[in-house]
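# Breakdown of the fold
Listed here are the chains, written in short residue letters.
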Amino acid sequence: MKTAEGNDKLGKNCIVVSRPVGKTCPSSCVFLGYGCYAEATENQYKNARTAAFNNVITEKGRIRSMILDAIKRDKSIRWHERGDWFNDGVLDEDYVNNVCAACESVIESGYTLPDMWFYTHIYDSRLVSKLGKFMSVYASVHNADDMVDAKNAGFVLFAWCDSDQKIATKRPRGKIKKAEWQAALPKLVVLSGETFVTCPEIRKGRTFVTCTGNKNSRACNMCVAGRKNVLFPCH
């Protein structure tokens, strides 16, 4: 598996797995070609997309080795910082099954799996029933209709992306304006009958907290461990 180390947002205590944007995403995603952060990264850094294609064809042994490496280095795994569980428009069942088989093999060998998590735009019950046994599975939602679809598929954890800017305006530029914007963000919101915690890294800043922590910030681990629903204000 082609992996990367954590970054300034995720913290340095995780391993990051990515797949190519578009090829592994739902074609219905309204952000493809219209503001997708992951797509912008691949457009800017061509090697990132090339590396991501290495993770389209996978086998259990390679995945197992990656998990064991994470265990050895005491790191969590962020699945799909870019990309998703599809392959050319359909759920990549071979990939999902290989991930599950690798996790089961690691457990059978006497190890405890590292914390692992992902967000997905694919509302497929198989992601919950199969992968939910091994990692935190979040449905990325943008509105009430998405919530209904995700709940119907069996998802119980949600990441609400405030792309419509109904909770807050888009994060402004400039240190002072950004600080004022952060201070005005709500800590908790209730959306479609579910309580969401505003992402602490966005609300407080990555010099204070990141997903997995680093030498300059504490670890949040809220999504890593699947503790709460999370709200991502437009940023």
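The paragraphs below set out a description of the structure included in this document.

Conventions used here
- Residues numbered from 1 in each chain as written.
- Predicted model: local features only at pLDDT ≥ 70, side-chain atom pairs only at ≥ 80, totals over all residues.
- Heavy atoms only, no water.
- Helix = DSSP H or I, 4+ residues; strand = E, 2+ residues; numbered from the N terminus.
- Rg over C-alpha atoms; globule rule 2.2 N^0.38 Å.
- Buried < 20%, exposed > 50% of the residue type's maximum accessible area, 1.4 Å probe, protein only.
- Contact = heavy atoms within 4.5 Å.
- Lys, Arg positive; Asp, Glu negative; His and termini not counted.
- Charge placed at Lys NZ, Arg CZ, Asp CG, Glu CD.
- Core = buried A, V, L, I, M, F, W, Y, C linked by side-chain atoms within 4.5 Å.
- Salt bridge = Lys/Arg side-chain N within 4 Å of Asp/Glu carboxyl O.

## So, the overall build of the protein
The number of helices and strands found in the protein is 8 helices and 13 strands. Against the compact-globule benchmark of 18 Å for 235 residues, the protein has a radius of gyration of 17 Å, which places it among compact chains. For the protein, the spread of C-alpha atoms along the three principal axes comes to 50 × 40 × 35 Å. Here the protein, with 235 residues, has 46% of them falling under the buried criterion. Taking all contacts inside the protein whose residues are at least 6 apart in sequence as the whole, residues at least 24 apart take part in 63%. Averaging the locations of the 34 positively and 25 negatively charged side chains of the protein gives two centres separated by 8 Å.

## Here's the deal with the nonpolar core
Ranked by size, the top nonpolar core spans 39 residues in total, and within it I67, W79, W85, V99, L131 and M135 carry the most contacts. Ranked by residue count, the leading element in this core is helix α4 (residues 93-108), at 7 residues. With near-sequence residues (within four places) excluded, I67 lies in contact with I77, A102, C103, V106, L113 and P114. Counting 21 residues, the second largest nonpolar core, distinct from the first, contains C14, C161, L185 and I202.

## Comments concerning the environment of G174
You can see G174 is positioned in the loop between β8 (158-162) and α7 (175-184). Distance from G174 to C234, taken between C-alpha atoms, is 16 Å for residues 60 residues apart in sequence.

## Let's talk about the pattern of salt bridges
Within this structure, the stated rule accounts for 12 salt bridges. We note a salt bridge from E42 to R82, for which the minimum N-O separation is 3.7 Å. Within this pair, whereas E42 is found in helix α1 (residues 37-44), its partner R82 is found in the loop between β3 (76-79) and β4 (86-87), the two being separated by 40 residues in sequence. For the pair formed by E42 and R82, the shared burial category is buried. Of the charged contacts in the structure, one is a salt bridge between K151 and E194, with a shortest N-O distance of 3.0 Å. Separated by 43 residues along the polypeptide, K151 in helix α6 (residues 144-152) and E194 in strand β10 (residues 194-198) bring together distant segments of the chain. Sharing partners across several salt bridges, the network here consists of E5, D69, R73 and K75.

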